Amino acid sequence: MAIVTTSKKACSVNPLKMSQPIGGSFAFMGLRGAMPLLHGSQGCTSFGLTLFVRHFKEAVPMQTTAMSEVATVLGGYENVEQAILNIYNRTKPEIIGINSTGVTETKGDDVEGFIRLIRQKHPQLEKVPLVYVATPDFKDAFQDGWEKTAARMVEVLVDPVEAEAARDPARVNVLPGCHLTPGDLDELRTIIEDFGLKPSFLPDLAGSLDGHIPDEFTPTTIGGIGVDEIATMGQAAWTIAIGAQMRRAAEAMQQKTGVPFRLFERLCGLIPNDEFIAFLSEISGRPVPAKYRRQRGQLADAMLDTHFHIGGRKLAIGAEPDLLFDLSSMLHEMGAEVAAAVTTTASPVLERVRTQEVLIGDLEDLEELAKARDCDLLITHSHGRQAASRLKIPFYRAGFPMFDRLGAGHQLSVGYRGTRDLVFDLANLVVGDREANHQPTPETWRTTDSGLQVVPPQLH
Amino acid sequence: MSSLSATIQDVFNEPGCGKNANKTEAERKKGCTKQLQPGGAAGGCAFDGAKIALQPFTDVAHLVHGPIACEGNSWDNRGSASSGSDLWRRSFTTDMNETDIVFGGEKRLYKAIKEVIEKYDPPAIFVYQTCVPAMIGDDINAVCKAAATKFGKPVIPVNSPGFVGPKNLGNKLAGEALLEHVIGTEEPDYTTPYDINIIGEYNLSGEFWQVKPLLDELGIRILSCISGDGKYRELAYSHRAKAAMMVCSKAMINVARKMEERYGIPYFEGSFYGIQDSSDSLREIARLLIERGAPAELMDRTEAVIAREETKAWAAIERFKPRFKDKKVLLITGGVKSWSVVAALQEAGLEIVGTSVKKSTKEDKERIKELMGQDAHMIEDMTPREMYKMLKDARADIMLSGGKSQFVALKAAMPWLDINQERCHAYMGYIGMVKLMEEIEKALYNPMWAQLRRPAPWDEAGMNWQAKAIAQMDAQAAEIAADPLLAEATRRAKKICHCKTVDLGSIEDAIAAHGLSTVNGVKEHTSASSGCGACKGRIEDILVAQPGPILQAAE
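Keep in mind it's a predicted model, so treat the numbers as computed, not measured.

Q: Would you mind showing me how to read the overall build of chain A here?
A: The helix and strand tally for chain A stands at 17 helices and 15 strands. For 460 residues, the compact-globule formula gives about 23 Å, and the C-alpha radius of gyration of chain A, at 23 Å, lands near that figure. Taken along its principal axes, the extent of the C-alpha atoms in chain A is 85 × 55 × 40 Å. Across the 460 residues in chain A, those meeting the buried criterion constitute 57%.

In structure tokens, the structure reads:
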């Protein structure tokens, strides 16, 4: 049981957290033909956009209502109207996803009201879904923006279904949290399809931000789940939610359509994947394919090979709640000690992180804790690079953003295979660090006044 | 202390800028940047601009007062290099929460300043205002003043909340903050006749260090660089420089001009991109210093260094000539920065087949013609399809552009090189040009391209997107060629004003019907150019191409 505390500092130093509205836009990027729109000043969009482009190395669609000082004070109806019309005329979107920001929430713009008026005034917009989610910057974090937006998509875009209606036993809804990469989604799709099931991912970043070269160049998202497919998600037999952040969307789905859900808080590690595969076998009525029996064996072997290096490591981890819970639990199960854990926002999973204390704080906190507790493995997003170079400990980049290394969209952590590759990567990082920085010398074990050194470098 | 709106009006009045000085008073009040288009805008806000301009001061703590978005989404995003402190790369923000919005964030800001000083003890703190605290009325000037008095340390308010305008305005507001609060507040230990300021240089990828050794060799001392690899104290005594170079952009022109007015420091606008420009800039620095009392022999030494470096650089570029024979470059960039690069590209034997004129002024276009010949291909806007066709028809082999068109080019399987500020290679000075040639060569001759342009084995010939796109374009072209009516309709349907969706036909009709001869006339009758104003140049071209009505009107 971890105690969850919140940093008392007035000044956040080296933030771990990113803002809620761009988490919302990120969710909209998993829809086909979508244009995410932030209702705020142009910087609100431009900062988020730059971050996504640096992470994915892809063109990313994202627009702004370009609120000026005057418009902000007088209210943004005209800006929202113009933005929607301009996007509609120029990009022919299948959906426009709108998130509010700190500026427009401080003023208190009634965007739902704006949208009603805009629809009355411009009947040509009738067929374009306009989904709005309130996501002020001064509350919550990136993951919360995703959570609220995904839930809102279900509420607005899924057609209601009678609880007793016949369902397609092969159809499965998958509601992934924002901690999963496009690569993770592709891996899950393969696994689910191997059980003869037909998954619908909402949102589906694998379709839009996996880096594929599209047939047609569009100014909106180049793939993802279509609005038409979302509408029919109520016909599925099951909903699989991944990450506690997706409980809200799964419950909304159940409430609206009666589709039961199963929440998998983790999909990294042996036991969570055993549960996942067993569940797929159960709902599909099919035996587990030989492929996954082999993959399970490979993961078990990878754990045997890597535990020498991962076991006993003192981990400092900074990540949003679901990613923190997933990775730290897996490493705990591999014998690592979760010595420092920092996160961005409240979540029910935090108290179950296998450590003494989880701090809602920043990367300065993480760096100080890692130093004080002699951590020798750092996991966080790319902004941890400065801390890592000061701490001089191996650094594994996980989460968003990852702007200083390539292939962020394809980094895997789910499934037997994803976990296998992840533990190899981590162990190799540790081995490389030992070779580079901790080679023994004739002096290494010479006793000094401080007595016997209890932790000699490992020699494997 | 002037109010923010007064400061903004002040920076809109820029006698140092030719473009600005030619405007009417009413035009000037609107500022030098385009009106923003909701749903059609790109680019950063004024806060972004202020932060970009000042962040490279390496030993300063940059504290952002606002909710998490402003700093949390953007920190550590610039590749400026530091020779000393890494404090500038740490991020400080008040991360305002709901309670702060309700009760005001001034107390949190004050406490934050205190924490930063206690933990990091920087020579100064820059405090950046953002939209939300500006809306709720947090007075950062007052907080900074109180904190400065209490802690005995400069705490500089940078009043440039995002919603007052675009990035470019933020650059200037940042400059105003320096002029008002920092420059002239300290004295250097000693001065020399060789002291200069470099203004508007951010030392991206450490590129200024490609030039600095030459200045060092000449005994020219950079008293202060604003702001790349800059230090607070150097900035504070920068008013003692003998001369200044404003690097290449108008971003900080207000700083250069006002330092000339207040402290008599003459400046010139120069660039270290390209061989000729580098030489010109070195000469100009020497000339200004000699004018201000440096010994005249400085010029002889400068000429000697220039001659040596140019010989070396041209010799190095010479070896690329056979590799670049018959290779064609497409140059897409908004900025002036590229002109100086053009000469070097041409010298290396590359043919420049086209350049973007989307953001160019009339003078820019003249300059392009001068450099590339009358029939230079000027591109307004280019779709990925057209780009691929250029490649396919062997009309271009490589594209040089800013980061934004990167994905379009790469996905069209076209070799591409970044020549804007996000790039990770340094291209300054004489060495930089050689480096640029190396990069172009690497990109051009990478064997990967041939593989990527091959269709997948299961694709029927002509069924991949490239082939389909070309077929489609060819079909359209053939159809148009076969049908003069369609050709005329297509020509007339060309969008001129994207904001107000006005096509060429409507503008021509209006010109003919009303005998229009000015852009304003066209604006009145068609509302073209009443949005962002970017199509002004296009409309001017249309007016020039319509001799009939204009002549009549003139007579």
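Text resumes after the structure shown.
Q: It is not clear to me how the sheet that holds strand 3 (residues 125-129) of chain B should be interpreted in this structure. Could you clarify?
A: Backbone hydrogen bonds are what pair the strands of a sheet, in a parallel or an antiparallel way. With mixed pairing, the five strands of this open sheet are ordered in space as 2(A)-2(B)-1(B)-3(B)-4(B). Strands at the two margins of the open sheet, each flanked by one partner only, are strand 2 (12-13) of chain A together with strand 4 (155-158) of chain B. Of the strand pairs in this sheet, strand 1 (residues 61-65) of chain B and strand 3 of chain B are connected by five bridges, and their pairing is parallel. Looking at strand 3 of chain B, one finds that His-65 of chain B is bridged to Gln-129 of chain B. Packing against the sheet, helix 4 (residues 46-54) of chain B makes contact with strand 1, strand 3 and strand 4 of chain B, and its axis sits at approximately 165° to strand 3 of chain B. Relative to the sheet, helix 9 (residues 140-151) of chain B contacts strand 1, strand 3 and strand 4 of chain B, its axis offset from that of strand 4 of chain B by approximately 170°.

Q: Please clarify how the interface of chain A and chain B should be interpreted in this entry.
A: How big an interface is tends to be stated in terms of the accessible area lost upon association of its parts. Residue-level contacts link 52 residues of chain A with 52 residues of chain B. Elements with a minimum of two residues in the side of chain A that touches chain B: strand 2, helix 1 (20-28), helix 2 (42-56), strand 4 (63-64), helix 3 (69-74), helix 4 (77-91) and helix 5 (102-107) of chain A. The residue makeup of the side of chain A that touches chain B, split by class, is 20 nonpolar, 23 polar and nine charged. Pairing between strand 2 of chain A and strand 2 (residues 92-93) of chain B: two bridges, direction antiparallel. Following the sheet pairing, Val-13 of chain A is matched in strand 2 of chain B by Phe-92 of chain B.

Q: What is the right way to read the environment of Glu-351 of chain A from this model?
A: Residues and elements named next belong to chain A. By the secondary structure assignment, Glu-351 is in the loop between strand 12 (337-343) and strand 13 (357-360). Under the C-beta neighbour-count criterion, Glu-351 is labelled exposed, with 11 such atoms within 10 Å. Between the C-alpha atoms of Glu-351 and Val-158, which are 193 residues apart in sequence, the distance is 33 Å. Those residues within four positions of Glu-351 in sequence are excluded, and the remaining contacts are Met-1, Ala-2 and Val-4.

Q: Looking at this structure, I do not really get the domain arrangement of chain A. What am I missing?
A: Residue and element names in this part refer to chain A. The domains assigned to chain A are domain 1 (20-157), domain 2 (168-291) and domain 3 (293-436). Taking only C-alpha atoms into account, the centre of domain 1 sits 33 Å from that of domain 3. Between domain 1 and domain 3, the contact holds ten residues from the first and twelve residues from the second. Among the elements of the structure, helix 2 and helix 7 (142-157) are those that each provide at least two residues to the side of domain 1 that touches domain 3. Broken down by element, the residue count for the side of domain 1 that touches domain 3 peaks at four residues, all from helix 2.

Q: Looking at this structure, I do not really get the sheet that holds strand 3 (residues 34-39) of chain A. What am I missing?
A: All names here are of chain A. Strand order in this open sheet of four strands is 4-3-5-6, and the pairing throughout is parallel. Single-partner strands in this sheet number two, and they are strand 4 and strand 6 (130-133). Sitting on the sheet, helix 1 touches strand 3, strand 5 (95-100) and strand 6, and the angle it makes with strand 5 is about 170°. Packing against the sheet, helix 6 (residues 111-121) makes contact with strand 3, strand 5 and strand 6, and its axis sits at approximately 165° to strand 6.

Q: For this particular structure, what's the right way to read the nonpolar core?
A: The tendency in soluble globular proteins is for nonpolar side chains to be buried side by side. Residue and element names in this part refer to chain B. Of all hydrophobic cores here, the largest spans 263 residues; its most connected members are Leu-63, Ile-125, Ile-196 and Ala-244. Sort the elements by how many residues they give to this core and helix 21 (residues 429-444) lands first, with seven residues. For Ile-125, the residues in contact, after removing those within four places along its chain, are Val-60, Ala-61, Leu-63, Ile-113, Val-116, Val-155 and Ile-156. Within the second largest apolar cluster, eleven residues are counted, among which are Cys-497, Ala-510, Cys-535 and Ile-539.

Q: I'm lost on helix 8 (residues 182-194) of chain A in this one. Help?
A: Since one α-helical turn is 3.6 residues long, residues separated by three or four positions face the same way. Residues and elements named next belong to chain A. With 13 residues, helix 8 should cover 18 Å at 1.5 Å per step; its first-to-last C-alpha distance of 18 Å lies within 8% of that length. Here helix 8 has its buried residues at Pro-182, Gly-183, Asp-184, Leu-185, Asp-186, Glu-187, Leu-188, Ile-191 and Ile-192. For helix 8, the secondary structure elements touched by its buried residues are strand 7 (168-176), strand 8 (198-201), helix 9 (205-208), helix 12 (270-284) and helix 17 (415-437). Directly after helix 8, the chain includes Gly-196, whose backbone phi takes a positive value near 75°.

Q: Is there a simple way to think about the environment of Arg-171 of chain A in this case?
A: You can see Arg-171 of chain A is positioned in strand 7. Residues in contact with Arg-171 of chain A, not counting those within four places in the same chain, are Lys-198, Ser-200, Gln-235, Ala-236 and Ala-237 of chain A.

The rules behind these values
Residues numbered from 1 in each chain as written. Chains lettered and ligands numbered in written order. Predicted model: local features only at pLDDT ≥ 70, side-chain atom pairs only at ≥ 80, totals over all residues. Helix = DSSP H or I, 4+ residues; strand = E, 2+ residues; numbered from the N terminus. Rg over C-alpha atoms; globule rule 2.2 N^0.38 Å. Buried ≥ 20, exposed ≤ 12 C-beta atoms within 10 Å, placed from the backbone. Pairing = 2+ DSSP bridges. Contact = placed C-beta atoms within 7 Å. Axes fitted to C-alpha atoms, helices over the stretch in contact; angles between N-to-C directions. Nonpolar A, V, L, I, M, F, W, Y, C, P; charged D, E, K, R; others polar. Domains from an automatic or database assignment. Core = buried A, V, L, I, M, F, W, Y, C linked by C-beta atoms within 7 Å. Expected span 1.5 Å × (residues − 1).

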